[in-house]
Every structure is written in C-alpha cells, then in structure tokens.
Amino acid sequence: KRVGDFNQALMDLGSLVCRVRNPLCGECPVAQFCKAFREGNPGGIPVKTGRVAIEPVTHAALVVNRKGKVLMRKCPEGEWWWGLWDFPRLPVPERFHGDQPVTRRKLGEFLKGWLENETGLDVELVDAQWSFQHAVTRYRIRLTCFQSQRVSGRLRRGAGWTWISPDQLAELPLSATGRKLAARIA
C-alpha cells in the first residue's frame with residue numbers, strides 16, 4: 001500500500017547494506033531471501049555490465065507528393081518500425097555515405113530507382129533535401145530526406161502503399177524519425 005516507502009527502503013538497503021564492496025550480510029534484515037547470500041557469493045552480485053556500443057545507422061527517405069497527399073506504408077512484421085507507418089525509407093548503401101553534393105544526387109537517383117521497383121511510381125526529385133539525427137536504444141540514426149513529386153505510374157496492388165493527406169499524419173502511429181519528418185512537411 002505504501003509503494004514509495006517500499007521503494008525508498010529498497011534503495012536504502014542497497015546503498016547501506018548491499019554494498020558492492022564489503023556487503024553487510026550479517027546486518028541485512030532480508031538476507032534469508034537473498035540468492036547471493038544463499039549461494040555464498042554476495043560480493044559477486046551485481047555484475048556490472050559494460051556500456052552498449054552506439055551503432056551508427058544511415059537511412060534515406062522520400063517524401064513523395066501527389067495531389068496534396070504523401071505516400072506512406074505500414075511497416076510489416078520483421079522490419080524496423082513494424083506496425084508503424086512510415087515514408088518510403090531504406091538503409092543507405094555504404095557507397096552513398098557522405099555529404100558531397102555528387103554523393104547526395106546519386107543517392108537521390110538510387111532512391112528513385114528503388115521506389116519505382118517497389119511501387120511502380122516514377123518520381124521527380126525536388127531540390128529540398130535535409131538530414132537529421134535521432135538516437136533509439138543503441139542506434140544513432142541519420143536520416144537523409146528527399147522531397148519528390150509523382151510524375152507517372154500507379155501503385156502496385158498488394159504492395160501496402162497508400163496516399164495520405166498531411167493532416168492525417170498526426171493520427172498515424174509513426175516512429176520518432178517519421179514524426180520528425182511529418183512535422184517538417186506539415
């Protein structure tokens with residue numbers, strides 16, 4: 001019934017009695033319930049874990065416009081962000097890493113080809129492109145975004161893509177990076 005007091009007592013017990021060096025097991029009011037004490041190894045617990053290495057991830061996304069709507073897809077199970085909605089996005093191949101204008105232009109052309117294979121749409125890249133970073137658990141994501149306009153083609157049936165008006169984006173479950181991107185275009 002007094003959760004706050006209970007949590008404070010556990011913290012006090014941990015800092016005053018269950019010390020990492022020289023634990024005071026003889027003074028512990030709950031030693032009989034302690035696994036480390038029963039196993040005769042109170043100094044071995046807790047085991048400090050090392051820091052998780054931060055892994056850089058580079059993705060690229062296309063904001064595809066058509067008649068005031070943007071192209072979106074609900075990510076299927078097994079993909080990053082599965083169950084959430086996202087813009088056309090993919091990991092950037094190593095050969096396109098970097099901020100040189102030529103590299104960015106080649107990345108944009110690569111994205112256009114990928115999108116046409118995925119959806120059947122031909123798009124024209126607009127000059128607007130931007131990048132931002134976001135950290136998720138152990139990943140530091142850099143997302144490079146390209147603004148584009150549908151030129152021709154129809155969405156293939158069964159591909160999971162749909163056109164959504166920008167005002168509907170606020171109602172969709174999006175990843176943090178998807179939300180940042182949606183805020184940028186709203």
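Residues numbered from 1 in each chain as written. Predicted model: local features only at pLDDT ≥ 70, side-chain atom pairs only at ≥ 80, totals over all residues. Heavy atoms only, no water.

**Some thoughts on the environment of Glu94**
- Looking at the element boundaries, Glu94 is found in the loop between strand E4 (89-91) and helix H3 (101-119).
- Placed 36 residues apart in sequence, Glu94 and Thr58 show a C-alpha to C-alpha distance of 8.9 Å. (Helix = DSSP H or I, 4+ residues; strand = E, 2+ residues; numbered from the N terminus.)

**Section: the pairing of strand E6 (residues 139-152)**
- Sheet topology note: the strand E1 (residues 55-66)/E6 ladder contains eleven bridges and is parallel. Counted as the bridge partner of Asn65 is Gln149 from E6.
- Sheet analysis places strand E5 (residues 122-136) next to E6, joined by twelve bridges and oriented antiparallel. From the neighbouring strand, Gln129 faces E6, where its bridge partner is Phe146. (Pairing = 2+ DSSP bridges.)

**Topic: the pattern of salt bridges**
- For the coordinates displayed, the defined rule picks out four salt bridges.
- One salt bridge in this structure joins Asp5 and Arg2, with 2.7 Å as the shortest N-O distance.
- Given the relative accessible area of 61%, Arg2 is considered exposed.
- One salt bridge connects Arg89 with Asp86, and the closest N-O pair in it is separated by 2.6 Å. Each member of the pair Arg89 and Asp86 is classed as buried. (Salt bridge = Lys/Arg side-chain N within 4 Å of Asp/Glu carboxyl O. Buried < 20%, exposed > 50% of the residue type's maximum accessible area, 1.4 Å probe, protein only.)

**Considerations on the confidence of the model for the protein**
- Looking at the protein as a whole, the pLDDT averages 88, with 98% of positions reaching at least 70.
- When mean pLDDT is taken per element in the protein, strand E2 (residues 69-74) scores highest with 95 and helix H2 (residues 35-38) scores lowest with 84. (pLDDT = per-residue confidence, 0-100.)

**Points about the environment of Trp130**
- Tracing the backbone shows Trp130 in strand E5.
- A relative accessible area of 9% places Trp130 in the buried class.
- Once residues within four sequence positions are removed from consideration, Trp130 is found in contact with Leu143, Thr144, Cys145, Gln147, Leu181, Arg184 and Ile185. (Contact = heavy atoms within 4.5 Å.)

**Quick look at the packing of aromatic side chains**
- Under the counting rule described, the total for this entry stands at four aromatic pairs.
- Residues Phe96 and Phe110 carry aromatic rings whose centres are separated by 5.1 Å and whose planes lie at 40 degrees to one another, so their mutual orientation is tilted. Of the two residues, Phe96 sits in the loop between E4 and H3 while Phe110 sits in helix H3, which places them 14 residues apart along the sequence.
- We classify Phe96 as buried; its relative accessible area is 9%.
- Here the aromatic rings of Trp114 and Trp161 are separated by 6.5 Å at their centres, their planes lie at 80 degrees, and the arrangement is edge-to-face. Taken together, the residues span a long stretch of sequence, with Trp114 in helix H3 and Trp161 in strand E7 (residues 161-164) at a distance of 47 residues.
- Classification of Trp114 as buried rests on a relative accessible area of 19%.
- The class for Trp161 is buried, based on a relative accessible area of 10%.
- Ring pairing ties together the aromatic residues Trp80, Trp81 and Tyr139, which thus form one cluster.
- Over the aromatic face of Trp161 sits the side chain of Arg73, whose NZ or CZ is 5.2 Å from the ring centroid. (Phe/Tyr/Trp six-rings, centres within 6.5 Å; stacked < 30°, edge-to-face > 60°. Lys NZ or Arg CZ within 6 Å of the ring centre and 35° of its normal.)

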